[in-house]
Amino acid sequence: MTEVTPPAFDGHRALHSPKISFEFFPPKTEEMERSLWETINRLAPLAPNFVSVTYGAGGSTRERTHSTIARILKETRLTPAAHLTCVGAPKGEIDDVVARYHEIGVRHIVALRGDPTTGIGTAYRAHPDGYQSSPDLIAGIKKRYPDIEISVSAYPEKHPESPTIDADIDTLKAKVDAGAARAITQVFFDNDLYFRYLDRVRARGIDIPVVPGIMPMHNFKQARSFVTRAGTTVPDWLADKFEGLDDDAETRKLVAATVAAGQVQKLAKHGVDTFHFYTMNRADLVFAISHLLGIRPNGAQKAA
């Protein structure tokens, strides 16, 4: 892996204590519910900027997502961000979801188009009465609720459906023009990809923060399958580090922590001061990596 020396300063970076955020997914069972809340209790004292909760394909986890968000608001001091997709639903239905979130106090939405209802890799078809794209969804949210902050996705290796990286960045520009305030990247494992992407984004006149998305790979085979479907390259050097560890969970955990910690420390060394962690509803590696970034628990920040 080569390393590109990025600009010494970016308008959204400063060499202070890093800022972090966490992504969770809504639980499907009571056991997963307990596990999620153990994770939230463990990570909440790190005082993240916000925590996001994902939204299943075609809105399949809509009620579980809403329930998790509502409980976070009620029982913790954390700021929740609700994921929302526009695939497979008419505008009125999506507007009702946003209205429910706004009513309970949500002021941050991660707005996404969503994967095709027929599965990743198939052609996307917007609902005939729905929002046609993520910029369309963002504009609809901001028109009705200008006080809601919008985060969006960004793709250092381009979205799998985009013909070129330039076309993909055009889409990001359209999201920003519609009202997006922050972009969170898809997972990447080569920091050069992020810095090259950031250079192109800035050259396009996009000046919102572009926050690197980091995924500690608790289960390498499972994670590789997941991220490659979304367009992420898993380099050979990374696969080599997990070779022979399929039946050795403890060593896999140590390797995963080492790899992810090295990545974020190198990003921080070059001035990146904000990180979004895809936790997979597990606290151990994310807590350790945050510790290595110099982030310590804040006794005033407690989850129920």
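Please read all numbers here as calculations on a predicted model, not as lab measurements. (Residues numbered from 1 in each chain as written. Predicted model: local features only at pLDDT ≥ 70, side-chain atom pairs only at ≥ 80, totals over all residues. Heavy atoms only, no water.)

Draft legend 1. The overall build of the protein chain, seen in detail. A tally of regular secondary structure across the protein chain gives 10 helices and 9 strands. Each of the 304 residues in the protein chain was classed as buried or not, and the buried ones make up 52%. For the protein chain, the share of sequence-separated contacts (at least 6 apart) that also reach a separation of at least 24 residues comes to 79%. Entry remark: accessible area of the protein chain is about 14000 Å², with carbon and sulfur atoms responsible for 51%. (Helix = DSSP H or I, 4+ residues; strand = E, 2+ residues; numbered from the N terminus. Buried < 20%, exposed > 50% of the residue type's maximum accessible area, 1.4 Å probe, protein only. Contact = heavy atoms within 4.5 Å. Areas by Shrake-Rupley, 256 points an atom, 1.4 Å probe, with all protein chains shown as cover.)

Draft legend 2. Examining the pairing of strand β6 (residues 182-185) more closely. With burial as the criterion, each face of β6 is covered, one bearing R182 and I184 and the other bearing A183 and T185. Note that strand β5 (residues 149-154) and β6 share 4 bridges and pair parallel. The residue of β6 that forms the bridge with S153 is I184. Read from β5 through helix α5 (residues 165-178) to β6, the crossover connection turns out right-handed. Pairing analysis gives 2 bridges linking β6 to strand β7 (residues 210-211), with the strands arranged parallel. Within β7, the position partnered with A183 by the bridge is V210. (Pairing = 2+ DSSP bridges. Right-handed = clockwise from strand over helix to strand, strands pointing away.)

Draft legend 3. Broad picture of the pattern of salt bridges. Scanning all chains against the criterion turns up 14 salt bridges. Notably, a salt bridge pairs R200 with D166, separated by 2.8 Å at the nearest N-O pair. With a gap of 34 residues between them, R200 in helix α6 (residues 191-203) and D166 in helix α5 connect regions that are remote in the sequence. Taking the relative accessible area as the measure of exposure, R200 reaches 38% and is therefore partly exposed. Of the residues examined, D166 reaches a relative accessible area of 46% and is grouped as partly exposed. Through salt bridges with shared partners, one network takes in E33, R71 and E75. (Salt bridge = Lys/Arg side-chain N within 4 Å of Asp/Glu carboxyl O.)

Draft legend 4. Broad picture of the side chain of R182. Residue placement: R182 occurs in strand β6. Here the side chain of R182 touches H108 through a polar contact of 3.3 Å, side chain to side chain. (Polar contact = N/O pair within 3.5 Å; in protein donor to acceptor, adjacent residues only side chain to side chain.)

Draft legend 5. Just the sheet that holds strand β3 (residues 80-85), in detail. Taken in spatial order, the 9 strands of this open sheet run β7-β6-β5-β4-β3-β2-β1-β9-β8, and their pairing is parallel. Both outer strands of the open sheet, β7 and β8 (213-214), are each paired with one neighbouring strand and no more. Looking at chain direction, strand β4 (residues 108-112) and β5 are connected through 3 bridges and run parallel. Residue pairing across strands places V110 opposite S151, the latter belonging to β5. The sheet strands contacting helix α4 (residues 134-144) are β3, β4 and β5, and the helix crosses β4 at an angle near 155°. (Axes fitted to C-alpha atoms, helices over the stretch in contact; angles between N-to-C directions.)

Draft legend 6. Unusual backbone geometry, seen in detail. The phi angle at A47 is positive, at roughly 55°, despite the residue not being glycine. Along the chain, the position of A47 falls in the loop between α1 (30-43) and β2 (51-53). We classify A47 as partly exposed; its relative accessible area is 32%. Within the chain, M280 stands out as a residue other than glycine whose phi angle is a positive 55°. Following the sequence through the fold, M280 ends up in the loop between β9 (274-278) and α10 (284-292). We classify M280 as partly exposed; its relative accessible area is 38%.

Draft legend 7. Spotlight on α1. In this model, α1 (14 residues) spans 20 Å end to end at C-alpha, consistent with the 20 Å of a helix rising 1.5 Å per residue. For α1, the full list of buried residues reads L36, W37, T39, I40 and L43. One side of α1 carries all its buried residues, which in axial view fall inside an arc of 155°. Across α1 from its buried face, at more than 90 degrees, point the exposed residues E30, E31, R34 and E38. Each element contacted by the buried residues of α1 is listed here: β1 (19-24), α2 (62-75) and α10. (Expected span 1.5 Å × (residues − 1). Arc of directions from axis to C-beta.)

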